[in-house]
Amino acid sequence: MHARHDSSENAAEPVPAWSEDIFSVLQRFDVRQVPYVPDAGHSQLIERVLGEPSMRAVPLTTEEEGVALLAGAWAGGQRGVLLMQSSGVGNCVNMFSLTQIFRFPFLTLVTMRGEWGEFNPWQVPMGSATVDVLELSGIKVLRASHTSEVREVVEAGAGQAYNACTPTAVLLSQRLIGAKVFTR
Amino acid sequence: MSKANLLERRSVVSALLSGRKDAIVVGGLGASTYDIAAAGDHDRNFYLWGGMGGAVMIALGAALAQPKLPVVVITGDGEMLMGMGSLATVGLQKPSNLTIIVLDNEVYGETGGQASHTGANTDLVGVARACGISDARSIATMAEIEAFAPSMQDVSAGPRFVSIKIDSANLERVLASRDGSFIVTRIRSALGFAPI
């Protein structure tokens with residue numbers, strides 16, 4: 001198991017290849033709006049989006065805002081992707097209705113907490129419920145747990161979301177991003 | 001506060017939308033959607049029957065996607081209170097083509113008229129301004145509404161936030177389409193986007 005460190009150490013690390021893989025898939029699918037609630041696992045991807053003129057990064061106050069934003073973006077002719085952590089899935093539940101009602105190409109990339117060596121018990125309940133909540137909400141769930149599979153899993157998720165208007169969540173396992181290390 | 005001179009919601013929305021031209025108009029769930037339908041069905045109307053708290057964000061997504069088109073969201077005080085964080089998100093993005101209208105009757109009219117926070121302690125204009133939407137105002141007369149309406153066409157000077165105190169009468173429902181796929185496909189089609 002590898003571990004991820006706090007952001008000050010992260011900043012000095014090179015962008016991991018899988019973050020870059022995700023970014024290039026999003027570019028290829030012409031993703032234009034990227035709403036997010038930050039997560040350390042998404043930090044490099046968020047930096048890439050912030051630096052890309054063709055993409056609009058939209059920081060949110062709560063994740064459900066992003067579901068609604070993407071519905072409006074689609075009505076206006078643009079694709080988007082919602083970046084969040086597994087706890088944010090719980091914040092979205094009622095707003096997920098929009099993915100069924102509008103049948104729009106909803107894609108979310110969810111970094112997982114509450115699994116694979118989790119230190120913080122508060123992350124476990126929602127992390128354990130994340131898959132069920134998504135599936136009960138009518139959203140297809142794919143998962144990437146290893147660096148080598150991120151590109152193809154995100155590509156498959158983007159393909160079914162944007163080409164088949166099938167609401168899709170790609171979970172990025174804690175095993176992939178590394179359990180957060182808490183030190184005093 | 002005197003309630004004698006509160007405005008009538010249908011007249012307000014008709015006056016706001018009479019010169020809408022190519023604007024996309026989003027209606028928050030409940031009476032606001034009926035008001036927009038009563039002003040005349042339109043292929044750029046985005047009617048909401050759920051997703052409470054999401055109206056402003058839907059309008060923001062459309063506004064960012066179509067920066068040359070006016071985008072107007074008309075919603076109620078209860079719906080706006082549930083999505084108050086979205087005012088912070090709009091204040092950060094500053095979409096210059098977005099206008100947010102809150103029809104504030106200080107009650108949850110759709111569920112029996114229970115009091116909302118806006119009648120007691122919450123000033124939504126103050127909230128909007130504190131979130132970075134500097135053009136935030138309350139409007140109290142039809143003359144002001146008629147003077148304000150054309151400014152929604154200016155896609156370079158937003159975002160704008162307007163609170164309009166209206167009376168709390170429950171009017172006959174004017175039922176808009178509630179088929180989400182139809183509503184979105186119709187807007188996309190009006191903008192020149194083909195179905196998938």
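Residues numbered from 1 in each chain as written. Chains lettered and ligands numbered in written order. Predicted model: local features only at pLDDT ≥ 70, side-chain atom pairs only at ≥ 80, totals over all residues.

A look at the overall build of chain B
Part 1: Tallying secondary structure elements over chain B gives 8 helices and 8 strands in all.
Part 2: Relative to the 2.2 N^0.38 estimate, which gives 16 Å for 196 residues, the radius of gyration of chain B is 15 Å and therefore close to what a compact globule would have.
Part 3: Each principal axis of the C-alpha atoms in chain B carries an extent, and together these give about 50 × 35 × 30 Å.
Part 4: When each of the 196 residues of chain B is scored for burial, the buried share is 48%.
Part 5: Across chain B, every contact between residues at least 6 apart in sequence was considered, and the portion connecting residues at least 24 apart equals 75%. (Helix = DSSP H or I, 4+ residues; strand = E, 2+ residues; numbered from the N terminus. Rg over C-alpha atoms; globule rule 2.2 N^0.38 Å. Buried ≥ 20, exposed ≤ 12 C-beta atoms within 10 Å, placed from the backbone. Contact = placed C-beta atoms within 7 Å.)

Observations concerning the interface of chain B and chain A
Interface size is commonly expressed as the accessible surface area that is lost when the partners come together.
Part 1: Taken residue by residue, the interface counts 27 residues in chain B and 27 residues in chain A.
Part 2: Within the residue set of the side of chain B that touches chain A, elements represented by two or more residues are α3 (55-65), α5 (85-93) and α8 (180-190) of chain B.
Part 3: Ranked by residues supplied to the side of chain B that touches chain A, first place goes to α3(B) with 8 residues.
Part 4: Here the side of chain B that touches chain A is built from residues that sort into 15 nonpolar, 11 polar and 1 charged. (Nonpolar A, V, L, I, M, F, W, Y, C, P; charged D, E, K, R; others polar.)

Brief notes about the sheet that holds strand β8 (residues 160-165) of chain B
Residue and element names in this part refer to chain B.
Part 1: As summarised here, the arrangement of the 6 strands in space is β2-β1-β3-β4-β8-β7, forming an open sheet in which the pairing is parallel. A strand with exactly one partner marks an edge of an open sheet, and here the two such strands are β2 (45-47) and β7 (135-139). If you compare each strand with its neighbour and ignore which way they point, the axes differ by 15 degrees on average.
Part 2: As paired strands, strand β1 (residues 24-27) and β2 are joined by 3 bridges and run parallel to one another. In the sheet register, Val 26 faces β2, and the bridge partner there is Phe 46.
Part 3: Of the strands in this sheet, β1, β2, β3 (71-76) and β4 (98-104) touch helix α2 (residues 31-38), which is tilted by about 130 degrees from β3. (Pairing = 2+ DSSP bridges. Axes fitted to C-alpha atoms, helices over the stretch in contact; angles between N-to-C directions.)

A look at the nonpolar core
Grouped burial of nonpolar side chains is what soluble globular proteins tend to show.
Part 1: Formed by 111 residues in total, the largest nonpolar core has its most connected members in A:Ala71, B:Ala59 and B:Ile101.
Part 2: Per element, the largest residue contribution to this core is 10 residues, and it comes from α3(B).
Part 3: Apart from residues no more than four positions distant in its own chain, B:Ile101 is found in contact with B:Leu16, B:Val72, B:Val73, B:Ile74, B:Val162 and B:Ile164. (Core = buried A, V, L, I, M, F, W, Y, C linked by C-beta atoms within 7 Å.)

Concerning the packing of α3(B) against α5(B)
Residues and elements named next belong to chain B.
Part 1: Viewed as axis vectors pointing N to C, α3 and α5 meet at an angle of 20 degrees, and their least axial separation amounts to 9 Å. Classified by the angle between their axes, α3 and α5 sit roughly parallel to one another. Judged by the twist between their axes, the crossing of α3 over α5 is left-handed. Mapping the contact onto sequence places Val 56, Met 57, Leu 60 and Leu 64 in α3 and Ser 86, Leu 87, Thr 89, Val 90 and Gln 93 in α5. (Parallel < 35°, antiparallel > 145°, perpendicular 65-115°, else oblique. Left-handed = near helix turned anticlockwise from the far one by under 90°.)

Some remarks on helix α4 (residues 64-75) of chain A
Part 1: For α4(A), which comprises 12 residues, the first-to-last C-alpha distance of 17 Å matches the rise-based estimate of 16 Å (1.5 Å per residue) to within 8%.
Part 2: With respect to burial, α4(A) is a largely interior element, 12 of its 12 residues being buried. (Expected span 1.5 Å × (residues − 1).)

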